[in-house]
Amino acid sequence: MKEIYPKPTKSLAIAKSDLKKWGYCLLEDAIPNKLNKLAIARLVEQAKAEKHLNLAYEDGSKSKKWGDFDINDSNAGVNQRVWMLPNKGKVFLDFLQNHNYMKCLENIVGNEFIVSSFSANIAKPGGVPMELHTDQWWMPDPVKREIDFLPVGSMSRKVFDFQINDKILSNDDLISRPVVSNVLIMLNGMSKENGGTLIVPGSHLFGRHPDKELDQDIKTISAEGPPGCAIITDGRLWHGTGANISNQDRLAILITFCGPQFRPQENFTIGIKKDVFPSLTEFQKELLGFKVWNGYGRTGNPTEKFIDIEDDLIGELKI
Ligand SMILES: O=C(O)CCC(=O)C(=O)O
């Protein structure tokens, strides 16, 4: 029987049910149309300037795939990433409001969450497909009592639990919960031709991460949708950028959210520029990690609610 995978929808109820069943949904009008248009203009301008000034970070080529952080050359790719968007225009901060996409997050990451990274991925003609991955490879898997587990600090992008100890794979009853949700907003629409994100529907329940050797023949679908449509994922979903075989750039914003107890990919608390910080709303400060969570993330007194980049910290004292 042919499976019916998620289609773009404006219904939050359908989106939430797709997210549960397939590990992703395609939510139309995830942000207001006007914001989408303004973001395209600002992103194109910023990306062009970063490239011109030799500041661009590029991946998605055969010689430089995502995750090849040991290759010094930032320009060895085809696709262009634009990082730390909160610093790169008010229009991007305006994504961090209670837009439609936010309403799907609570089912995955709960009532409180923070932004792990906020970037753009411009998939350009000629880019190669990104390797399939989950966005929570660092999440320790549940283990059976008698198993020698991989200590958490020994994990890396190349070594996770199941690879060193395949007994964990046979632990079918227990899988890790989602602790991340990625929101990929298709600024100018996504199709199979322009590198629509490759997805393995239902893989959020496989209970492991994809493996290059084991999963070479796995079937993927390409996410497709109109401008302003978002792919909202369960962090365990197997996915990656597709190859853009069209003649136009594919513009996508990626906002990755995680539980407040995890380390974000981008360190907004020291990375937010001093002139941007005063414009943040309380909600944006919370999302960017400035809110103290149960005493975690503080800079001093554990009862403080928010930290500030200008906090006057107690240093060495004597009386
Ligand atoms: O750009 C895409 O389609 C997906 C990107 C992605 O999976 C990632 O950056 O982790």
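The structure presented is a predicted model; accordingly, all values stated were derived computationally and were not measured. (Residues numbered from 1 in each chain as written. Predicted model: local features only at pLDDT ≥ 70, side-chain atom pairs only at ≥ 80, totals over all residues. Heavy atoms only, no water.)

A. Region of interest: the packing of aromatic side chains. Going through the model one piece at a time under the given rule, you end up with 10 aromatic pairs. Between Phe206 and Trp238 the ring centres are 5.0 Å apart and the planes differ by 85°, which places this aromatic pair in the edge-to-face class. Remark: Trp238 occurs in the loop between β8 (229–233) and β9 (239–240) and Phe206 occurs in the loop between β6 (198–199) and β7 (221–222); sequence separation between them is 32 residues. Using a relative accessible area of 43% as the deciding quantity, one classes Phe206 as partly exposed. You can call Trp238 buried: its relative accessible area is 0%. (Phe/Tyr/Trp six-rings, centres within 6.5 Å; stacked < 30°, edge-to-face > 60°. Helix = DSSP H or I, 4+ residues; strand = E, 2+ residues; numbered from the N terminus. Buried < 20%, exposed > 50% of the residue type's maximum accessible area, 1.4 Å probe, protein only.)

B. Local environment of the nonpolar core. In terms of nonpolar packing, the biggest core is built from 48 residues, with Phe95, Tyr101, Phe118, Ile232, Ile253 and Phe257 touching the most fellow members. In terms of residue count, helix α4 (residues 102–109) provides more of this core than any other element does, five residues in total. Aside from chain neighbours lying at most four places away, what touches Tyr101 is Leu27, Ala30, Ile31, Phe95, Leu96, Val183, Ile185, Ile232, Ile255 and Phe257. Core analysis: the second largest hydrophobic core is formed by 14 residues, Trp22, Ile199, Ile221 and Ala223 among them. (Core = buried A, V, L, I, M, F, W, Y, C linked by side-chain atoms within 4.5 Å. Contact = heavy atoms within 4.5 Å.)

C. Up close: the site of the ligand. Taken together, Arg81, Asn121, Met130, His133, Asp135, Leu184, Thr197, His239, Thr241, Arg250 and Leu254 make up the full set of residues near the ligand. Here an oxygen atom of the ligand sits 3.1 Å away from a polar atom, N or O, in the side chain of His239. Between the ligand and the protein, one listed contact pairs an oxygen atom with a side-chain N or O atom of Arg250 at 2.7 Å. Burial of the ligand by the surrounding chains reaches 95%, relative to a free accessible area of 290 Å². Residue classes in the shell around the ligand are distributed as three nonpolar, five polar and three charged. (Near = heavy atom within 4 Å. Polar contact = N/O pair within 3.5 Å; in protein donor to acceptor, adjacent residues only side chain to side chain. Areas by Shrake-Rupley, 256 points an atom, 1.4 Å probe, with all protein chains shown as cover. Nonpolar A, V, L, I, M, F, W, Y, C, P; charged D, E, K, R; others polar.)

D. Highlighting the environment of Ile307. Note that Ile307 resides in the segment after α7 (282–287). Judged by relative accessible area, Ile307 falls into the buried class, the value being 10%. Placed 10 residues apart in sequence, Ile307 and Gly297 show a C-alpha to C-alpha distance of 8.2 Å. Setting aside residues up to four positions removed in sequence, Ile307 forms contacts with Thr269, Phe277, Gly289, Phe290, Val292, Gly297, Arg298 and Thr299.

E. Structural context of the sheet that holds β8. Pairing is antiparallel in the open sheet, where seven strands are placed in the order β1-β8-β5-β10-β4-β3-β2. Where the open sheet ends on each side, the last strands, each with one partner, are β1 (24–27) and β2 (57–59). Pairwise comparison of adjacent strand axes, ignoring direction, gives a mean angle of 25° for this sheet. Of the strand pairs in this sheet, strand β3 (residues 79–82) and strand β4 (residues 114–123) are connected by three bridges, and their pairing is antiparallel. Bridge assignment links Gln80 to a residue of β4, and that residue is Ile122. Across the sheet, helix α1 (residues 12–22) touches β1 and β8, and the angle it forms with β1 is around 155°. On the sheet, α4 packs against β1, β5 (180–186), β8 and β10 (250–258) and is oriented at approximately 155° with respect to β5. (Pairing = 2+ DSSP bridges. Axes fitted to C-alpha atoms, helices over the stretch in contact; angles between N-to-C directions.)

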